[in-house]
Each structure stands twice: as structure tokens, then as C-alpha cells.
Amino acid sequence: MKFKGIAASPGVAIGRAYLISEESYCVIKRAVGSGQVKKEVNRFKKAVGAVDGEFRQQREKVALEMGKTYARLFDAYSLILKDPLFYKDTIKIISEEQVNVEYALQTVIDRITKTFSILDDEYMRDRIRDVQDVGNRVMRVLLGHEHVSMLDIQRRVVLVAHALHPSDTVEMKKENVIGFVTDVGGKTSHVVIMAESLEIPAVVGLKRITRHVSPGDLLIIDGDTGFVHVNPDPDTVRSYRKKKRRQEARKKELVKLRDRPSVMRCGTGIELTVNIESSREVSAVREYGAAGVGLYRTEYLYINRKELPVEEEIYENMKKVADECYPHNAVIRTVDLGADKMSEQLGIKPEGTPFMGMRGIRLCLAYPGLFKTQLRAILRASVKKNVSIMYPMITGIKELRAANHILREVCEELDNGGIEYDRDIKTGVMIETPAAVMDIEGISAAADFLSIGTNDLIQYTLAVDRVSDSVSHLYNPSDLAILRMIEKAINGASRAGKPIGMCGEMASERLYTELLIGMGLRSFSMSGIAVPAIKHLIINTGLEKCRQLAERVMGASDTEEVMDILKENRETRNF
């Protein structure tokens, strides 16, 4: 049997299945007298303290074994424990409803899960599992349940589970856990980040893999394509063993590339930068030999809180990114959230169709106070002249002019206050809507640089929600309509003499690298871990080959032919 999921962590794993049962709790609502309320609250506080202590221990372990970047994931877990929506609301339910702590906690977990599950953002949906993991840890302490540890695994296995969490990953012994597959999860989940750092192949989002696998079944995980083979035939096993040997040989070569320039055989330079989600991740620039930060998603500063961040908080965050990235450039994207995620902070009603509603630059233009606060912070952090500003969800020249008008107002305010900033700061635009592509000449004339955001461009062009189980299979970067959109954007920017790059997931997929270079792209921004493999490909290819590939692909009659050409190109590489 063969199953298709989300390719989460690259590589091949071949081994026997080890099933992890999902923890479940039967929580009964129990009334407590007014005299017992304080006791229940104290039970909750004590359990939270115990779990926070566990997280501190795990953080230290990860810091020693994997580095500080990954250890900070447990800071996020500690923050969930202290978050008012988790901590104070549980105590509030205990006190006001006079109920047992277990029921109050489960009510809060269910409430947060329901709120996050309706959001359209994959990153936010993956935070549901973080909240559930933290909540389950506290519940386990309250109920006195013993935790089933990954440390108990004493042989080489492939883990099969409904879901895994970073706290599980910490306990994995790399020599025993050679890969894992899960029913749920996405590429932005913390457990995937941990798996990538441990270089454990993983496929997630398989929906019902736990129902089709028995303990001891032979599994093959292909973390590059997202395929999982259950009890494969001997020919398939031999083929994947050969692929695994090739990957291990290549991995040794990639380590040597960190300080090598990303230059093609013909001498053409290709800029490789990293996408980051928080200021803590800026170390990826040096760690993976990148040329800077191509996209800093600033949304985490705004989510999961009741009040908007103040200017000083944003400034300190932006300054850290600029300082640690220096002398490389850092492209900071202004907040790209929808009104549905900021309804409480802004005092507005959530929208029913957030994808089509008040999000990105629309939200910023509608709430200039929110926009100006972030712009002031970014400008103040730009004194080393290595910061650029990028606007999300621009659909036409009118929005770009409006955004730049507000930026000029902020610059005047800083000038009047004698506050230093980079007066030549560059402003760019995310090209992620069909409207932006169709108006590419006008937008390019008014922008300093452009970056193609393929994630949203594909969704809006194909009318596909990539996180919807029912239509996500239609999300296809190789669709000819998408490739023609990308080609038009690149050509339009080129005619205007403006640099254009790509920062969507497509930029990190080796299948498309040569095609995109052949189409004229010279700048890619991706997750840090993808940089070495993309750099290796660039160093070993030539511009003429890329152009010929692009000519063949763009002359294809349909998407199926496109994929045949791309796969043929991948298979004929001798590196």
C-alpha cells in the first residue's frame, strides 16, 4: 500500500513500524463547594509549575544537543502556560462556576482549539497542537497519569502516531527513531522543525495512516515526496535503499558549501536568503550560509494576545534582526494578518471569508495607527542601512501609493523628532495576487523590489485553499496558469529594471529551481535548512541548461506534460 501526505522533513527511512497510542482523558464535570475553590486553583497552579519545570529541563537538553535555536521552541510552550487565555481563563472558570480543575482546563483547551481551527492560516492551525500538547501535559499531572516516554524505545523503528509534539521529539534517540509519520500536522508545526534539525525523515498529514499500519509492518518514508509505503515489494525496497545511499553521500558534500558563494558554472550569481518567523531564527543566516533574510514574517508579534504590541517592543525585535543579520540585508514584511485574527485587539467583528476580506495591506491602510507603529519601529531599526520594508497583499498601484504615503508621513515625524533612520530605505511588494501580476508594470515602476509569494498566488489563481482537506490536492505549483503568472511577473519586473525574487515554498523545492532560473529569477528565499541543497544544485548547473528547460516547460500543452519534463530533468541530473 502507498499513501500520500505532506513531505515534512527530507530523506528516506526504511524500518519497522512502532505505533504510539494517542492519549485520551475522560473528564467529568464535578461541582465543588466555595470552600474548595482555592484548593482546586492551587492544584492547577502546582501542575502548571511542574510542567513548566519539565519544559525548562527539556530546553536545557535541546540547547546542549541541538543548539539554542531549537531550544527556544520550549520558550513558546512556557508562554502558552502563562498566556491569560490558558492560565487566567482556567482559574476564572474554576472560581466563577465552582467546578473541578480538570473540567475547567478541558473547557479552555476545547475553546482555544475551536477558535484556532476556523482560521485560514496553516501556521495558526499548527499552533492548535502546541496548545493541546501543553494542556495534555498539565492534565496528565492533575490526573496522575504516567507519561509514555520515547526513551523506552530500544530498537530502530519508524514511529506511527496520530500526532507528535516537540516534547515527544526531545525524547527520541536518533539512533533508534529513524523516521515518523502522523495522521495530522503541517509543515509549519514545531515537531516538523525539530525533525528537520535532527535530520529525521518525516511525512505528516496522512489522515488515517494509523488505521492501516500494524506494529512490525515494514515502512518506507520518503520525506522528499510525501509518500509512505506499507509492506512494499522487494523492488521498491531496493530502489529506496539505493536512493538513501545517494542522499547520505550528498549530505556529506553539502556540509562543505556553507561558506561557498551561490554561483552557477557560468559565473551567474543566485541570491539565497532565508525566511524567518521570529527574531530568534535570524541565526539561520550564518548557520546555513545564506545571504540574508529574504522574508521576516512579523505576525507572531501580534497573535495570541489581547492588546496590540507597543512601538518599543516591535523596535527591539526589529533591531535584533537587523543587528544579527548585519552586514546582510533583512527584508521585513509588514503585518500580514486578517481582521479575523485581530478582532479583539481592534474591536471589530471577525469576517466569514478572511481570505477575501480585510487582510495584509488592506488592514494596515484601514487602521493607519497600527501601520504607523510598526513602520516607526522598522525605520528606527534601519540605522545600519541593511533593512528593507515589504508590503503584503498588494493588488494594485493605488494600494502601494497609499502605503508609501503613510511611510512618508512616518519619516517626517521621525525627522521632526530628530530620530535617526535610513532615509534611503527600500520598499518592496509581495506579488501574491493575480491582480498584482496583471498590474506588474505599474507596480514595478513604483516599487524598489518585488518578491513572488507563491503560497497565496497559487491559492488565489486556482481558487484553492491549500489547508482544506477536500481541495488541497488541487494546489499545484506546476500548473501552467501559475507558471505563466510567474513568468509574467518576472518579465514585467525585468522590463522595469527592478529586482524580483521568490519567497514562497516553491522557492525551496529543487524540482523548480532550474526552471525558475531559466525564467529569469535570480533571488530565492526559503527555510534555512533548504539552502545547502539548493546551493549545491545551483553550483552544479548552468544558465543555458536552465533556459532550455524553461523553454520546454513553457511550451508544454498541459500541466501533466510540465511534470513529465520536470521529473525527467530531475532524474537526469548527475549531481
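What comes next is a walk through the structure.

**A few points about the sheet that holds strand β7 (residues 218–222)**
Strands in a sheet are paired, the pairing made by backbone hydrogen bonds, and the direction either parallel or antiparallel. With mixed pairing, eight strands are arranged side by side in an open sheet as β1-β8-β7-β3-β4-β5-β6-β2. What marks the edges here is a single partner per strand, and that holds for β1 (2–4) and β2 (6–9). On average, adjacent strands in this sheet sit at an angle of 30 degrees to one another, irrespective of strand direction. Where strand β3 (residues 12–20) lies against strand β4 (residues 157–161), five bridges are found, and the strand directions are parallel. Opposite Arg16, over in β4, you have Val157 as the bridge partner. Sheet strands in contact with helix α10 (residues 234–254) are β3, β7 and β8 (227–230), and its direction is about 110 degrees off that of β3.

**Here's the deal with unusual backbone geometry**
A cis amide bond, omega 10 degrees, links Tyr326 with the succeeding residue Pro327. Position of Pro327 relative to the elements: it lies in the loop between α12 (311–325) and β11 (329–333). The phi torsion at Gln98 lies on the positive side, around 50 degrees, for a residue other than glycine. Inspection of the secondary structure puts Gln98 in the loop between α4 (87–97) and α5 (101–117). Notably, Lys207 is not glycine yet its phi reads approximately 70 degrees, a positive angle. Examined against the element boundaries, Lys207 turns out to sit in the loop between β6 (202–204) and α9 (209–212).

**Structural notes on helix α23 (residues 543–554)**
Taking 1.5 Å as the rise per residue, α23 with 12 residues should run 16 Å; its terminal C-alpha atoms sit 16 Å apart, in good agreement. Taken as a whole, α23 has its buried residues at Leu543, Cys546, Leu549, Ala550, Val553 and Met554. One side of α23 holds all its buried residues, which, seen down the axis, span an arc of 120 degrees. Tucked inside the fold, the buried residues of α23 contact α20 (480–495), α21 (510–518) and α24 (559–571).

Criteria and cut-off values
- Residues numbered from 1 in each chain as written.
- Predicted model: local features only at pLDDT ≥ 70, side-chain atom pairs only at ≥ 80, totals over all residues.
- Heavy atoms only, no water.
- Pairing = 2+ DSSP bridges.
- Helix = DSSP H or I, 4+ residues; strand = E, 2+ residues; numbered from the N terminus.
- Axes fitted to C-alpha atoms, helices over the stretch in contact; angles between N-to-C directions.
- Contact = heavy atoms within 4.5 Å.
- Expected span 1.5 Å × (residues − 1).
- Buried < 20%, exposed > 50% of the residue type's maximum accessible area, 1.4 Å probe, protein only.
- Arc of directions from axis to C-beta.

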